[in-house]
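Residue strings, one per chain:
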Amino acid sequence: MDRRKKSRKGAYWLIAIVLLIAGGAAFQFLKSGQESAPNKQKVESSKGEEKPPPKKDEEKPAAQELQTTEEKADELIEKMSLRDKIGQMMMVGFQGLEEDDHIKSLIRDEKVGGVILFDRNMQSPGQVAGLTNKLKQEAGENDTSIPLMIGLDQEGGPVLRMRDQVSPIPSQQKLGLRGVPEDVYKIGRLNGDELAAMGIQVDFAPVLDLSNRDERSFGSNTDKAFNLGLQAIKGLNDAKVAATIKHFPGNGRVTVDPHLDESIVKADKQTLETVDMVPFKKMIETQKDNQFFVMVTHVKYPAFDEKMPASISKPIIQNLLRDQLGYKGIVVTDDLDMGAVSKYYSYDQLGYMAISAGADLLLVCHEYNHQVELYNGILKAVKDGKLSEDRINQSVKRILTYKLENVNDQPVSPSNADQVVGSAEHKRTIEEMK
C-alpha cells in the first residue's frame, strides 16, 4: 500500500513538472509572436505602404477649376470700360524712329490694342527691337496689362519694310512662277524669324488675290494661290507670327489703286465665288481660324453690295465671310486712311460702320487726328445707340482670346535681332532658290 502511494505521488510530481515546462514554452512562443508582429509590419510597409492612410478629409487636394482662354477673355471684358474695349479694336501707326507723344497717348489713354510699323519707324533691326520693347512696356503699364500686337506689311518683292536691312525676300509673283511649296515655306519661316526677332507678332501677308500681272500675287491659278499661301502661313506660324490673308474677297480684278480712290469690281456673283474667292474659301474650310487673320479690302463688289465697299459692308463681312464661309477669326480692315474710303466717309463714320459690318480690328495707319476722330466716333455711336456694346464685346473677345493664346509680349534682344535679320544663312537660303 505504501509503495503504491509513493508511486502515485511521483507520477503527480512528474505531470506537474511537464505542465510547468509546457506552459513556459507556450508563454515564450506567444511573447516572441507579439514582438515579431511590428517587425513584420515594418517589412510589409517598406514594400510601398510606409505612409499611413490619409484622413478622409485629406484624401485629395481640392480640385482647381481650369479656366479656358475664352473664360479668361470674358473675365477681362467684364473689368474693362467701354473706352478700353474700343481701344483694343484699333491698330495705329505713328511717325518717327522713337515713341512720340501721340503714340504714348494712344496706348495710355485710348488703350489701343495694336501698332503697325512702316519704314518711317525702322532704321536697323536692333533699333526696331528696342522700339517694340518700349511700346510693349508702355501697354504693360496700363491697368489691364493686355499685350500689345505689333504688325507690319512684309510681303516680299515690292512691299518690303527696311529693305536695306532685312533679307531680300522675293515677290509672291516670283515664288508663284517657281511654284515650289517648300521654297515658299522656307521664305515664310525666315521672314517670320526675322520679324519675331524684332518683336513683331503679326504680318499682313500673304496676298491671295488672283492675278498674272500683279507682283504681289502668286498667279491666277486658284489651287496654286491656296497651296502656296498655305505654306507662307505655316512658315510664319512656325516662327510664332500671325499671318493675314488678303484682300478679301479678292483684289485681282482691280484697275484703280484703293490707296488713291474708289475701285469697283463688276464681276458677277458666280464668278467671284467660283474663282476670286476660292483661295480664301479653301483656307477657311481647311485651316484653323487662329492661324491667320482675314483682311477685307476697300473695293466695291456690286454683286454682293451695290453701295458699300467691302470693308464697311455687312453683306460681305457678316453675311458672306462670317455666315456663309464660317470664318470665326479676326477680321481686319485695310488701312482706313486710304482714299477709297476716306474720300467718301468721315473718320467718325468709318469706325462704327466697319464694326457694324462685322470687322474686329481697324487699321488707321497714318494721322493721329484721324485715329482720335475714329475712336471718338465709335464711342459716340455706342452712346447714341447706333452701335451696341454687345457688338463691341464680340470683337474684343476674339482679339483677347487670340492675344491670350498667341501673343508674346516679352522683350526681345536688340543684339540678337541684329544677328538674325538679314543673316548670311537667310541670304544663302534665298540665293539657292534662284
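Residues numbered from 1 in each chain as written. Predicted model: local features only at pLDDT ≥ 70, side-chain atom pairs only at ≥ 80, totals over all residues. Heavy atoms only, no water.

**Q** How should I be thinking about unusual backbone geometry in this particular structure?
**A** Trans peptide bonds make up most of the peptide bonds, and negative phi angles are found at most residues other than glycine. With an omega of 5°, the peptide bond running from Lys246 to His247 counts as cis. With respect to the helices and strands, the residue His247 is situated in strand 5 (residues 243-248). Of the consecutive residues Phe248 and Pro249, the connecting peptide bond is found in the cis state with omega at 0°. Relative to the assigned elements, Pro249 resides in the loop between strand 5 and helix 9 (269-276). Even without a glycine there, the phi angle at Lys111 is positive, about 55°. Residue placement: Lys111 occurs in the loop between helix 4 (101-108) and strand 2 (114-116). Among the residues examined, Lys111 registers a relative accessible area of 12% and is labelled buried. (Helix = DSSP H or I, 4+ residues; strand = E, 2+ residues; numbered from the N terminus. Buried < 20%, exposed > 50% of the residue type's maximum accessible area, 1.4 Å probe, protein only.)

**Q** What's the story with helix 7 (residues 181-197) in this structure? I'm lost.
**A** Since the α-helix advances by 3.6 residues per turn, residues separated by three or four positions end up pointing in the same direction. Between the first and last C-alpha of helix 7 there are 24 Å, a value that for 17 residues agrees with the 24 Å anticipated at 1.5 Å per step. Within the span of helix 7, buried status applies to Asp183, Val184, Ile187, Gly188, Leu190, Asn191, Gly192, Glu194, Leu195 and Ala197. Positive phi shows up at Gly199, right after helix 7, with a value of about 85°. (Expected span 1.5 Å × (residues − 1).)

**Q** I tried to follow the pairing of strand 6 (residues 292-296) on my own but got confused; where do I start?
**A** The side chains of a regular strand alternate between the sheet's two faces. The buried fraction of strand 6 amounts to 5 of the 5 residues, a majority that puts the element mostly inside the structure. Of the two faces of strand 6, the one carrying Phe292, Val294 and Val296 and the one carrying Phe293 and Met295 are both buried. With 4 bridges connecting them, strand 5 and strand 6 associate as parallel partners. Pairing of Ala243 across the sheet is with Phe292, part of strand 6. With 3 bridges joining them, strand 6 and strand 7 (residues 331-333) adopt parallel strand pairing. Paired with Val296 across the strands is Thr333, a residue of strand 7. For the handedness criterion, the β-α-β arrangement of strand 6, helix 11 (residues 314-324) and strand 7 is classed as right-handed. (Pairing = 2+ DSSP bridges. Right-handed = clockwise from strand over helix to strand, strands pointing away.)

**Q** Explanation requested: helix 8 (residues 222-238) in the structure shown.
**A** The end-to-end C-alpha separation of helix 8 is 24 Å, in line with the 24 Å expected for 17 residues at 1.5 Å each. Along helix 8, 12 of the 17 residues are buried, which leaves the element largely enclosed by surrounding structure. Within helix 8, the full set of buried residues consists of Thr222, Ala225, Phe226, Leu228, Gly229, Leu230, Gln231, Ala232, Ile233, Gly235, Leu236 and Asn237. Sitting at the head of helix 8, Asn221 places a side-chain oxygen 3.0 Å from the backbone nitrogen of Asp223. Following helix 8 by one or two positions, Lys240 has its phi on the positive side, about 65°. (Polar contact = N/O pair within 3.5 Å; in protein donor to acceptor, adjacent residues only side chain to side chain.)

**Q** It is not clear to me how the sheet that holds strand 7 should be interpreted in this structure. Could you clarify?
**A** Remark on secondary structure: sheet strands pair via backbone hydrogen bonds, oriented parallel or antiparallel. Strand order across the open sheet formed by 3 strands is 5-6-7, with parallel pairing between neighbours. Looking at which strands have only one partner, the edges of the open sheet turn out to be strand 5 and strand 7. Each strand of the sheet is rotated relative to its neighbour by a mean of 30°, with strand direction disregarded. (Axes fitted to C-alpha atoms, helices over the stretch in contact; angles between N-to-C directions.)

**Q** Please clarify how the side chain of Ser423 should be interpreted in this entry.
**A** Here Ser423 lies in the loop between helix 16 (414-420) and helix 17 (424-431). You can call Ser423 buried: its relative accessible area is 15%. Once you skip the residues sitting within four places of it in the chain, Ser423 turns out to touch Ser167 and Glu194. (Contact = heavy atoms within 4.5 Å.)

**Q** Can you walk me through the packing of aromatic side chains in this structure?
**A** The geometry of two aromatic rings is summed up by the distance between their centres and the angle between their planes. Here the structure, examined in full by the defined rule, presents 3 aromatic pairs. Geometrically, the ring pair formed by Phe292 and Tyr327 is stacked, given 5.9 Å between the ring centres and 15° between the ring planes. With a gap of 35 residues between them, Phe292 in strand 6 and Tyr327 in the loop between helix 11 and strand 7 connect regions that are remote in the sequence. By the burial criterion, Phe292 is buried, and Tyr327 matches it. Aromatic pair Phe293 and Tyr402: ring centres 5.0 Å apart, planes at 75°, arrangement edge-to-face. Of the two residues, Phe293 is situated in strand 6 and Tyr402 in helix 15 (residues 389-406); the sequence distance between them amounts to 109 residues. Note on Phe293: relative accessible area 2%, which makes it buried. (Phe/Tyr/Trp six-rings, centres within 6.5 Å; stacked < 30°, edge-to-face > 60°.)

**Q** Would you mind going over the pattern of salt bridges with me for this structure?
**A** Proximity of charged atoms lets side chains of opposite charge pair with each other. If you walk through the whole model with that rule in mind, you get 20 salt bridges. A salt bridge links Asp223 to Lys282, with the nearest nitrogen and oxygen atoms 2.4 Å apart. Note that Asp223 is positioned in helix 8 and Lys282 in helix 10 (residues 278-286), a separation of 59 residues in sequence. A relative accessible area of 38% places Asp223 in the partly exposed class. What emerges from the salt-bridge pattern is a single network uniting Asp153, Glu155, Arg161, Arg216 and Lys246. (Salt bridge = Lys/Arg side-chain N within 4 Å of Asp/Glu carboxyl O.)

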